[in-house]
Amino acid sequence: MMPKKLAYVSNFLDRHGKRRYRFRRKGYATYYFREPVGTKAFEREYAACLDAEPAPVGGDRIIPGSVSDVIARYYSDNAFQDLRPATQTVYRGVLERFRDAFGDTPMRAFDAERIARLMNAMRHKPHAAARLRKLLAQLFVIARRGKLVPHGFDPVRDTKPPKAETVGYHRWTEDELALFEAKHPLGTKPRLAFAMLLYGGQRSGDVRYMTHETIRSGRIQLNQSKTTNAVDVPVVEPLAQALHAGPLGRKTLIETRDGEPFTPKGFYGMIKKACIAAGLPHCSPHGLRKSAARRCREAGCTSEEGMAITGHKSVKEYLRYAGDADRADRADAAMSKVMANQIERLAKPRA
């Protein structure tokens, strides 16, 4: 049983006699919870449902075979339903923007040439283009299965997204970290969020929903909302000081003035304003996670040790965050070996 009644959440017994919980809100898509009720993972699912965009008005007037038709089918398919709530929110935002522009257009009208033009028009947003192309591929799977497009019609296969030249979010330097701490002392909300991101090494989406139970026994223990990876990170002294100074919320460690968890935009905006006030307009919350990984690398931690803090699943992704400043040192060592081997060869007498 739920410890308290949650708005828009109801429960029922399915055909197997198992009690299930669902989120039903007028104007929004119905969502069936996958995590056990009462757990932190359930709370994150519920928060993602509250953050979701409302369903488009006029959904009952969808033209068969149109973009809107296929998107609606995708939302009810296991390919979408099995995604994490946070991922569903991101994908729904991309698809609803696409629906706004092309909702009544037949899916079969999107041949390779038209998709290529879309990709070209998004060259200034390569990551967004790549995500849209990925979702278009999913939509064509649904369309082929429903016989809304010819069998084998796969125009996405013949296109490419624009190449991303950016290195992503700026990784904070030690001077920038010091500037922020000097501007925002202990006991302020921006400093608390800053400490949780930097010394916890977690994503903003997880930091926003950390509770007092998350840091019990002097450790951050949670299953990451994006990857479901379990992390168990010690609360180090700078973070302990920030937590002691507060201000701490009642439901979550960081709350809005209304006593509610921050939305993604609200949390980003709060820290971004603090960055601007500190003279760091180019810095962002996610860059603090990259700084945490950088500190691990500079301290001589192995990739596996650093990944135990950040929760990354692959060494490649972890190093993208931590940076690879040792490349020059490795090149020097390699060239020294090459030259030593060359000298040894020249010193040997010829037969």
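Residues numbered from 1 in each chain as written. Predicted model: local features only at pLDDT ≥ 70, side-chain atom pairs only at ≥ 80, totals over all residues. Heavy atoms only, no water.

## Quick word on the pairing of strand E1 (residues 9-13)
Relative to strand E2 (residues 19-23), E1 is paired through 5 bridges, and the arrangement is antiparallel. The partner of Ser 10 across the bridge, within E2, is Arg 22. (Pairing = 2+ DSSP bridges. Helix = DSSP H or I, 4+ residues; strand = E, 2+ residues; numbered from the N terminus.)

## So, the sheet that holds E1
With antiparallel pairing, 3 strands are arranged side by side in an open sheet as E1-E2-E3. If you trace the sheet from one side to the other, it starts and ends with E1 and strand E3 (31-32), each paired once. Across the face of the sheet, helix H1 (residues 40-51) comes into contact with E1, E2 and E3 while running at roughly 30° to E2. (Contact = heavy atoms within 4.5 Å. Axes fitted to C-alpha atoms, helices over the stretch in contact; angles between N-to-C directions.)

## Let's talk about the environment of Gln 88
In this structure, Gln 88 sits in helix H4 (residues 85-102). With 47 residues separating them in the primary sequence, Gln 88 and Leu 135 have C-alpha atoms 12 Å apart. Not counting residues within four places of it along the chain, the set of residues in contact with Gln 88 comprises Tyr 31, Arg 34, Phe 80, Gln 81 and Leu 83. A polar side-chain atom of Gln 88 sits 3.4 Å from the main-chain carbonyl oxygen of Gln 81. Among the polar contacts listed, one links the side chain of Gln 88 to the backbone oxygen of Leu 83, at a separation of 3.5 Å. (Polar contact = N/O pair within 3.5 Å; in protein donor to acceptor, adjacent residues only side chain to side chain.)

## A closer look at the packing of helix H2 (residues 67-75) against helix H6 (residues 126-145)
Close contact between H2 and H6 brings their axes to 9 Å; oriented N to C, the two are set at 90°. With respect to H6, the axis of H2 lies roughly perpendicular. Here Val 70, Ile 71, Arg 73 and Tyr 74 of H2 lie close against H6, whose contacting residues are Leu 135, Gln 138, Leu 139, Ile 142 and Ala 143. A class-by-class count of the residues in the contact of H2 with H6 yields 7 nonpolar, 1 polar and 1 charged. (Parallel < 35°, antiparallel > 145°, perpendicular 65-115°, else oblique. Nonpolar A, V, L, I, M, F, W, Y, C, P; charged D, E, K, R; others polar.)

## Things to note about unusual backbone geometry
Put simply, Gly 246 and Pro 247 share a cis peptide bond, and its omega is 5°. By the element assignment, Pro 247 lies in the loop between helix H10 (237-245) and helix H11 (264-277). Of note in this structure, Lys 147 is not a glycine but carries a positive phi near 60°. Tracing the backbone shows Lys 147 in the loop between H6 and helix H7 (174-183). Taking the relative accessible area as the measure of exposure, Lys 147 reaches 71% and is therefore exposed. The backbone of Ser 217 shows a phi angle near 60°, a positive value even though the residue is not glycine. Along the chain, Ser 217 turns up in the loop between helix H9 (204-207) and strand E4 (219-223). (Buried < 20%, exposed > 50% of the residue type's maximum accessible area, 1.4 Å probe, protein only.)

## A short note on empty space enclosed by the protein
Counted according to the given criterion, the structure contains 1 cavity of 30 Å³ or more. The space that makes up the largest cavity amounts to roughly 50 Å³. As for the largest cavity, its lining consists of Lys 40, Arg 44, Asp 206, Tyr 209, Met 210, Thr 214, Gln 221 and Leu 222. Where the lining of the largest cavity is concerned, the elements lending two or more residues are H1 and E4. (1 Å grid on protein atoms, 1.4 Å probe; cavity = no way out; pocket = protein on both sides within 12 Å on 5 of 7 lines; lining within 4 Å. Points joined across faces, edges and corners; volume = space filled by probe spheres on them.)

## Notes on a positive patch on the surface
A surface patch of positive charge is lined by Arg 97, Lys 125, Arg 131, Lys 134, Lys 226 and Lys 265. In this fold, Lys 125 is placed in the loop between helix H5 (112-121) and H6. On the basis of relative accessibility, which here comes to 42%, the residue Lys 125 falls in the partly exposed class. (Patch = residues over 30% accessible without salt bridge, like charges linked within 9 Å, V, L, I, M, F, W, Y side chains within 5 Å. Areas by Shrake-Rupley, 256 points an atom, 1.4 Å probe, with all protein chains shown as cover. Salt bridge = Lys/Arg side-chain N within 4 Å of Asp/Glu carboxyl O. Lys, Arg positive; Asp, Glu negative; His and termini not counted. Charge placed at Lys NZ, Arg CZ, Asp CG, Glu CD.)

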